[in-house]
Amino acid sequence: MVQLGKSEVNGGSQVRSRKKKVKESEVEQAPLKHLDALELKQKLKERLDIREQRSYGDGDSVPSTPPKENGDVSGDEATETIITKESCSKKKTRSGETKRSEPKKPHHPFVISVQMDFMVGFLFLISLITRLVFLDLPRNVVFDEMHYGKYASLYLKGTFFFDANPPLGKLILALAGYFAGYEGDFEFQKIGVPYPENFPLMTLRLIPALCGSLITPTVYLILGEMGLSNWAGALAALMVVLDTAILAQSRFILLESMMMLFALFAILSVLKFRRFAGAPFSMGWCFWILMTSVNMGLAFSVKFIGIYSCWLCSFLLLRSFWKRLSLKQVSNLQLFFEFSSQAVLICVIPILVYVGSFYIHLSILTKAGVHDSLMTSAFQASLEGGLSSIVDGQPKVIAHGSQITLRHTHGKTCWLHSHEHVYPIRYDDGRGSSHQQQVSCYSYKDVNNWWIVKRPDREDLAVHEPLDSIKDGDTIQLVHGMTHRALNSHDVAAPMSPHNQEITCYIDYNISMASENLWKVQIVNMDNSGEESARVWQSIGSQIRLIHVNTNQAMKFSPRLYPEWGFHQNEVAADKNHDQLDTIWNVEEHRYTKHDEDKRTLERELFNAELIPQTPTYLSFWQKFWELQVKMLITNQDNVQNHNYASYPGEWPFLVRGIAYFISKDSNAQVHLIGNIMIWYTGTLSVLAYSTILIIYLLRRRRLCFDVPEDVFQEFVEVGEVLMAGYLFHFVPFLFYDRTLFIHHYLLAYVFKLMLTAFLMVHIYEIAMNVVSRKWLARLVAIGVVCWILATIYVFVQMSPFCYGFFPMSASQVKSLKWKDTWDFIIHKP
Amino acid sequence: MAQIQANKSKAYTAKMKSSSPVKNTGAEWWIVFGAIVLFNLWTRLHKVDQPEWVCWDETHFGKMGSWYINRTFFFDVHPPLGKMFIGAVGYVTGYNGTFPFEKPGDLYHDHNYLGMRVACTLLGACLTPFSFLTVWELTQSITASAFAGVLALFDVGMLILNQYILLDPILLFFISGSTYSMVKFRSYHERPFSVVWWTWLIITGFMLGGAISVKFVGLFVILLVGLNTIEQLWEILGDMSQPISNVIKHFLARAACLIALPIAMYICLFFIHLQVLYKSGNGDGHFSSSFQSALVGNVLHNASMPRHLVFGAIVTLKNHRTGGGYLHSHFHLYPEGVGARQQQVTTYAHKDENNKFIVKKWNDEAPKIYSDEYEKAEVDFVKHGDLIRLEHVITKRNIHSHAEPAPISKKQFQVTGYGDDGIGDANDVWKVEIVGGSEGDVVETVTSKIKLHHYFMKCVLTCSNKQLPKWGYEQQEISCNPTVRDPNALWNVEDNFYPKLPNVSFQNFAPGFVSRFLESHAVMFQGNAGLKPKEGDYTSRPWEWPINFRGQFFSGNDHRIYLLGNPVIWWGNIIFLGLFTATYIWNSILAQRGHEDSLEIQTQKSRTLYAGVWLFIGWALHYVPFWAMGRVLYFHHYFPACLFSSMLTAVILEYILNTILHFIPEKLVKVVYHTFIGIFVGTLWYSFHLFSPLAYGMEATPGHMTNSSVHHLKWIASWEF
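How each quantity is defined
Residues numbered from 1 in each chain as written. Chains lettered and ligands numbered in written order. Predicted model: local features only at pLDDT ≥ 70, side-chain atom pairs only at ≥ 80, totals over all residues. Heavy atoms only, no water. Helix = DSSP H or I, 4+ residues; strand = E, 2+ residues; numbered from the N terminus. Buried < 20%, exposed > 50% of the residue type's maximum accessible area, 1.4 Å probe, protein only. Contact = heavy atoms within 4.5 Å. Areas by Shrake-Rupley, 256 points an atom, 1.4 Å probe, with all protein chains shown as cover. Patch = residues over 30% accessible without salt bridge, like charges linked within 9 Å, V, L, I, M, F, W, Y side chains within 5 Å. Salt bridge = Lys/Arg side-chain N within 4 Å of Asp/Glu carboxyl O. Phe/Tyr/Trp six-rings, centres within 6.5 Å; stacked < 30°, edge-to-face > 60°. Disulfide = S-S within 2.5 Å. Lys, Arg positive; Asp, Glu negative; His and termini not counted. Charge placed at Lys NZ, Arg CZ, Asp CG, Glu CD. Pairing = 2+ DSSP bridges. Core = buried A, V, L, I, M, F, W, Y, C linked by side-chain atoms within 4.5 Å. Axes fitted to C-alpha atoms, helices over the stretch in contact; angles between N-to-C directions. Left-handed = near helix turned anticlockwise from the far one by under 90°. Nonpolar A, V, L, I, M, F, W, Y, C, P; charged D, E, K, R; others polar. Expected span 1.5 Å × (residues − 1). pLDDT = per-residue confidence, 0-100.

Right, let's talk about the overall build of chain A for a bit. On a plain count of helices and strands, chain A comes out with 26 helices and 14 strands. Looking at chain A residue by residue over its 830 residues, the buried ones come to 56%. Residue pairs at least 24 apart in sequence account for 75% of intrachain contacts in chain A once pairs closer than 6 positions are excluded. Of the roughly 35,600 Å² of accessible surface on chain A, 62% is carried by carbon and sulfur atoms.

Next up, the structure:
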């Protein structure tokens, strides 16, 4: 500690005297405690040509700071900074004495409650007020309430639905609805529909509003936890309260505010955890690492973009661990245990939370619904009603004589189909075809989707006991039920994908084109138990490939559509690359042929099939879970479409456009997601300002000009590590998205930007006060900040009608608020 | 971190000091280098004339070379240098530009293609010596340099990609050249502002300029050099024995040579490009009317028409978006169920009588041209903010819009031709906005960008860029878009017929170089962004590349060429990338833990890590960005990254070898060393020998047939040869 103090003194004197060159002796005695400083000194020494033994222990290799009892670097610094700051404001200069005399505070995990002072309560209160007033107005469906409200209803009814985001947020909404006695009977047809009288709108909107209100104190606590003054915290929290975009986003049945809250909780927990990094496996250590990982999981389970917060947390944990690595007194083994236990907790718990949310999701949604057709047959059949009511009781084992429909398993829902039409002799591009019967993949149930499985060497079709079951590797023919032609393939280019091979139903034109209608069944998802029964082809459950025997190509669904001659159905072709999802098929409907006397009876049987109920299909949780994950991944990628209010990430920092959420039918009252332009632009500016100041500091330090005291600089860097990194982690990835984005995707990054802004304002004030040491300048800065706050409040009051959405506005009023050309407020009434 | 940096810089200076006396530029060095270069030349030039037909993308780049020789304007998404080089070489070696390069597989017959092939091959052959020299500058170790040379030499993929008339050999030449000159320049860091220092700095600038002028991928090597330069400047900045003015001098020298020079070079090349290609060609359609007016042979060239638009004039309107068509209408109605059954309005890419419209006032009919009224009427200019109607000349219907959804873009409104003999209703009125114009500005032919706002619907006339079905003759949809900022809503007047006004020649309004330069870039970027994979097409994904998952056919028939990296080298590269990362992290942790090595080990280690870090950055810069690209990607995009990866392998391999040698008895060192070298070179040579049929031509039997000569080479199923 003594040495540490000394270094501070030296640092201070350097600053005061603004020396460019440092004397040799000073360097030797000053064990700078931080690594950048260390590197600096090293360079310096090389230049001054000091040839010394490295093992001399002069602080060259490792700071010889004596171990502290708690070994806690960052936390200590944090508390110290607050104190020195207070003293600074009185004394102007800092000295080592202040620091040394400061007694160490005992750490306790639950100490926050003491700090949760008046300020936290006050901030929470004003954000509660702003978020809760007139919460049930407008009493119409606003923007995505249409989706999330609908999903909540579907939960309450237990009807299956598919959404590309994880279920937790919607589950919480549904829970609120459940407690309010809502039964899920409102339809949420489209934006603007009024809610019925009995709909518990208040309760459903209360959840996001509460979460939104909690964001404010959390932001305050985060800044406090980084050792910044209460002023910085209060300023940032005030910005959160006064921002119209965050306000509007929290007032409706939307998920962002929940996700943001969990994400910020996770960050807060990491910061709390960092205090205890020096006391591994202590109460506080365990508690906060647990809190971090649980909140990470929660954020991620509400919306996938919570993943960026998880990355940020992991990054911060790694940073803190990295600092700990330099402590020589901690043994390698202990470090290893610390690291692996952190890593395991951080990985496992979020996954548990995520999977758990899906477990609840799938155990609630047991009935068939509108999105069924997106899922595989097996999934659909496991739901009550829907497909399961059709396939219940159909025989399981596919055998010679089975009548089946073959569904394209993954991706677009369609069934192998053929009909009494042939491929045109010549296509538009001049290529010729075989002129045989068309085969396609058709998205609707149709009698032409039925095929009969046949052994090549048997002629009768009726199924008798014992079953002649088809197994993996068996060769079969597929006969089209209505036309009695066999599925065929040959070396002719497919209609729409010329690099693939054509698939037809064979017609013998006697033109030396022999039929090649043998197909090998390959079961993809067979369990390799080796048992004979596992190799049997089963309806619904077995996923198969049909490999054309002569050419060794697999039948596949192609996303291309036939033109008019093929009725715009999907192309089916054979591809030599077997290993792709589009070559996988499964039997959906299935029954045995009973009578095979002649063509007529067969056809009649196809039309009037009867079904005998048997046991329903059962899928385990994990099977369903993985299928959903794959589907969500694919759907997320597919989501590329135009939306009137979509925006590019590049536009976000400049608040180019908002999103119209709702417009009243009979006036210009509207909800429009648009930020508070004062805060928004100041935020963008401070990101630039922070980077510039950092670069200036670094360049100056490289030339050994220490403009600000060492601890102020360290604080500047460490705060940037959290806030600037937070901003970048939540913003930069969007630049690489290839899908429709909205400005509300920016909000979490924006919160980090706000915190950075607050920090920067306080930092500039401190520089003016303590480093430049001009009282009048500091006052000027303070006055500037106050004016800025007043302006922000003015903007907030002006724009707030767009958040609350029930003030009828005249056209000219709306126009007068259109401060940027690109803002598209809706004016449809005078 | 700081620790490592400190160590690094210390070792760095140590390296530089030790380098001068120990520098092993004796006979041994020259023998190794010479042997590699000679063998390299032999492998590259062997069978360079085969196959005697167009291979793969030669069809594009050969064709573009021909266009340079023929001076015909074309459009391509890449900058011009590579194609200019091909054209120039072809011209010099006696190719006359007449071969059409229609599709892969076309026989060259007696066209002189060999010059272009050999020139590309020779540039590609430089990669091996460049790799050797780069590693030499980085490590000063013959062993490592030889490894790098041999790895580049025996990579079948590099051989194949660099043997044809493609942009890749040229690009790779500039990329590896930039890397080499960067490290070479750095080696003179103790003699700043000397002649060699300046020479290598300028060479680096030229190489960078070349790289970016061949393909935009060159940007990544510029980033690499940029980062390296920043690091150098940081070192110089920290040197307190030098005044700050020294830093500024260093900075300015680099800014001039590494920023200004490449930019100047790039612009110059573009200038030449636009000067050389003065004849109208198939690329015209991508460019705006004013751009086209500068091309000899284009209808707009030397055309003369009134400068300003007046009421009563007969005009055609061209959509201002890239490749935009003309506003068009024809005597056919929208079919049942597609909005109102009124006359179709579309955009059409070709010149046609049906593209002509008369500009009328919103409340007045225009007198027929040459009629008495026309002669009497005063000339009335169309200005910003005027209300107009557009009457289709042939069918006499007005362009009209109403609150029906457009046929394809359902969120926009339908646009129709409406009315009888020019009399329609209030929904025919449009308001003219000149983009960037103000009250009183007159609409100018060709140069004014205008938007047409529907007066009542508050939407703009837009070409939505979507194709109509058969009933619309597959022309493009026109809609009225409520999002008035849509970039597709810009139009310009192309033909303007009004005899009363004096005609002016468009030569005078042809854009200058700067605007043509900017427009070319807008078009190129749009073209690049538009290269999206089509649904159902097979597209190569970045994860497939390092593992050599799937190659690319260059040529078929009985001389089949299949682009595939040498799997031994490529798979080895992955392992060494992993090894390097692990070593680096491990060393960082050790340093952070305060671990210390002996000075000798320390020097060797930090030298290796220093070289490794930059090569790794080079690899990452040329590979990682592809993950974020939405455009169509190909296997050959990985080759620049592979170049760095191979060099990294060489460096790490030598380090491992040295470490092993460190632990074995002195007597055995030589034996082990030579055995190792023998095995290494032997394995690579053998694998090259095995896979060389891929480069020098395989017979026609596909590889999956057991009787094929390359059947035993089909190690994984996804290789398609």
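What follows picks up the thread again.
Helices and strands together make up the secondary structure of chain B, namely 19 helices and 16 strands. Counting only C-alpha atoms and orienting by the principal axes, one finds that chain B spans roughly 110 × 75 × 50 Å. Burial status across chain B gives 56% buried among its 721 residues. A fraction of 75% describes how many contacts in chain B between residues 6 or more apart in sequence connect residues 24 or more apart. With the model as given, the accessible surface of chain B reaches about 29,600 Å², and the carbon-plus-sulfur share is 64%.

This part takes up a nonpolar patch on the surface. All names here are of chain A. Nonpolar side chains collect at one region of the surface, where Leu125, Ile129, Val133, Phe134 and Leu137 lie side by side and expose about 430 Å² of accessible area between them. Along the chain, the position of Ile129 falls in helix H7 (residues 118-132). Of the residues examined, Ile129 reaches a relative accessible area of 47% and is grouped as partly exposed.

Residue and element names in this part refer to chain B. Scanning the entire structure with this criterion turns up 115 aromatic pairs over all chains. With a centroid separation of 5.4 Å and 45 degrees between ring planes, the pair formed by Phe154 and Phe688 is classed as tilted. Placement of the pair is Phe154 in the loop between helix H7 (142-153) and helix H8 (156-161) and Phe688 in helix H19 (residues 666-696), with a sequence separation of 534 residues. Since its relative accessible area comes to 4%, Phe154 is described here as buried.

Relative to the helices and strands, Asn40(B) is located in helix H2 (residues 27-45). Leaving out residues up to four positions away in the same chain, Asn40(B) has contacts with Ala125(B), Thr128(B), Pro129(B) and Leu153(B).

Attention shifts here to unusual backbone geometry. Each neighbour pair has its own omega, and for Leu137(A) with Pro138(A) the value is -10 degrees, a cis peptide bond. The topology assignment puts Pro138(A) in the loop between H7 and helix H8 (145-157). At Phe567(A), a position not held by glycine, the phi torsion is positive, near 60 degrees. Tracing the backbone through its elements, the reader meets Phe567(A) in the loop between strand S10 (553-561) and strand S11 (570-575). For Phe567(A), a relative accessible area of 42% puts it in the partly exposed group. Here the phi dihedral of Trp56(B) falls at roughly 45 degrees; this positive angle occurs in a residue that is not glycine. Examined against the element boundaries, Trp56(B) turns out to sit in the loop between H2 and helix H3 (58-70). The exposure class of Trp56(B) is buried, given its relative accessible area of 10%.

For the rest of this paragraph, the subject is the state of the cysteines. Residues and elements named next belong to chain A. Applying the stated rule across the entire model yields two disulfides over all chains. With a sulfur-sulfur separation of 2.0 Å, Cys414 is cross-linked through a disulfide to Cys441. Handedness of the Cys414-Cys441 disulfide follows from its S-S torsion of about 90 degrees: it is right-handed. Of this pair, Cys414 sits in the loop between strand S1 (402-408) and strand S2 (415-422) while Cys441 is found in strand S3 (residues 437-442), placing the two residues 27 residues apart along the sequence. Since its relative accessible area comes to 0%, Cys414 is described here as buried.

All names here are of chain B. Relative to the helices and strands, Ile86 is located in helix H4 (residues 81-92). Along the backbone, Ile86 and Leu300 are 214 residues apart, and their C-alpha atoms lie at a distance of 30 Å. When neighbours within four sequence positions are excluded, Ile86 is seen to be in contact with Phe61, Gly65, Met116, Cys120, Ile165, Leu166, Leu167 and Ile170.

For the rest of this paragraph, the subject is a positive patch on the surface. On the surface, Lys815(A), Lys818(A), Lys431(B) and Lys458(B) cluster together into a positively charged patch. Along the chain, Lys815(A) falls in helix H26 (residues 811-817).

Walk down a regular strand and you will see the side chains alternate between the two sheet faces. All names here are of chain B. Most of strand S10 (residues 450-454) sits inside the fold, with five of its five residues counted as buried. Of the two faces of S10, the one holding Ile450, Leu452 and His454 and the one holding Lys451 and His453 are both buried throughout. In this sheet, S10 lies alongside strand S9 (residues 430-434) in antiparallel orientation, the contact comprising five bridges. If you follow Val432 over to S10, its bridge partner there is Leu452.

The tally for this structure, following the rule as stated, stands at 28 salt bridges over all chains. Linking Lys215(B) and Asp168(B) is a salt bridge whose minimum nitrogen-to-oxygen distance equals 3.7 Å. Remark: Asp168(B) occurs in helix H9 (residues 167-187) and Lys215(B) occurs in the loop between helix H10 (195-214) and helix H11 (218-237); sequence separation between them is 47 residues. What you see here is one network of salt bridges that share partners, running through Arg455(A), Arg458(A), Asp468(A) and Asp474(A).

For soluble globular proteins, nonpolar side chains are generally found buried alongside one another. Counting 164 residues, the largest nonpolar core has Leu223(A), Met226(A), Leu264(A), Tyr661(A), Leu723(A), Phe752(A) and Met755(A) as the members making the most contacts within it. Among the elements that make up this core, the one with the highest residue count is helix H23 (residues 747-771) of chain A (15 residues). Excluding residues that lie within four positions of it along the chain, Met755(A) makes contacts with Val219(A), Ile222(A), Leu223(A), Ala236(A), Leu264(A) and Leu723(A). Core analysis: the next-biggest nonpolar cluster, separate from the first, contains 143 residues, Met64(B), Val523(B), Tyr638(B) and Phe639(B) among them.

Here we take up the environment of Val504(B). Residue and element names in this part refer to chain B. Relative to the assigned elements, Val504 resides in strand S14 (residues 503-505). Owing to a relative accessible area of 25%, Val504 belongs among the partly exposed residues under this scheme. In sequence terms Val504 and Asn302 are 202 residues apart; their C-alpha atoms lie 9.6 Å from each other.

Moving on: the packing of H11(B) against helix H17 (residues 599-623) of chain B. Residue and element names in this part refer to chain B. Interaxial distance between H11 and H17 falls to 8 Å at its minimum, and their mutual angle equals 145 degrees. When the axes of H11 and H17 are compared, the crossing they make is right-handed. Contacts between H11 and H17 involve Phe220, Val221, Leu223, Leu224, Leu227, Asn228 and Glu231 from the first element and Tyr610, Trp614, Ile617, Gly618, Leu621 and His622 from the second. Considering only residue class, the contact of H11 with H17 consists of nine nonpolar, three polar and one charged.

So, about the environment of Val795(A). Residue and element names in this part refer to chain A. Topologically, Val795 is positioned in helix H24 (residues 775-799). The exposure class assigned to Val795 is buried, which follows from its relative accessible area of 7%. Through-space distance from the C-alpha of Val795 to that of Ile677 is 7.5 Å; in sequence the pair is 118 residues apart. Apart from the residues within four sequence positions on either side, Val795 is in contact with Asn676, Ile677, Met678 and Trp819.

Residue and element names in this part refer to chain A. Among the secondary structure elements, Asn140 is positioned in the loop between H7 and H8. Judged by relative accessible area, which is 18%, Asn140 ranks as buried. Apart from residues lying up to four places away in sequence, Asn140 is in contact with Glu145, Gly192, Val193, Pro194, Tyr195, Arg205 and Phe662.

All names here are of chain A. Given a rise of 1.5 Å per residue, 26 residues ought to cover 38 Å, and the 37 Å separating the end C-alpha atoms of helix H21 (residues 677-702) matches this to within 8%. The complete set of buried residues in H21 reads Ile677, Ile679, Trp680, Thr682, Gly683, Thr684, Ser686, Val687, Tyr690, Tyr697, Arg701 and Arg702. Note on H21: the residue one or two positions beyond its end, Leu704, has a positive phi of about 60 degrees.

Moving on: the confidence of the model for chain A. Residues and elements named next belong to chain A. When pLDDT is averaged along chain A, the result is 80, and 82% of the positions lie at 70 or above. Scored below 50 in pLDDT, residues 1-35 shows 46 contacts in the model against residues more than four places distant or in partner chains. This stretch, residues 610-614, has a pLDDT under 50; its non-local contacts, to residues over four places away or in other chains, come to nine contacts.

The next subject is the confidence of the model for chain B. Residues and elements named next belong to chain B. For chain B, mean pLDDT is 85; residues scoring 70 or higher make up 94% of the total. Low pLDDT, under 50, characterises residues 1-23; the predicted model gives this stretch 42 contacts beyond four residues in sequence or across chains. Two summary scores accompany this predicted model of the complex, namely pTM at 0.78 and ipTM at 0.79.

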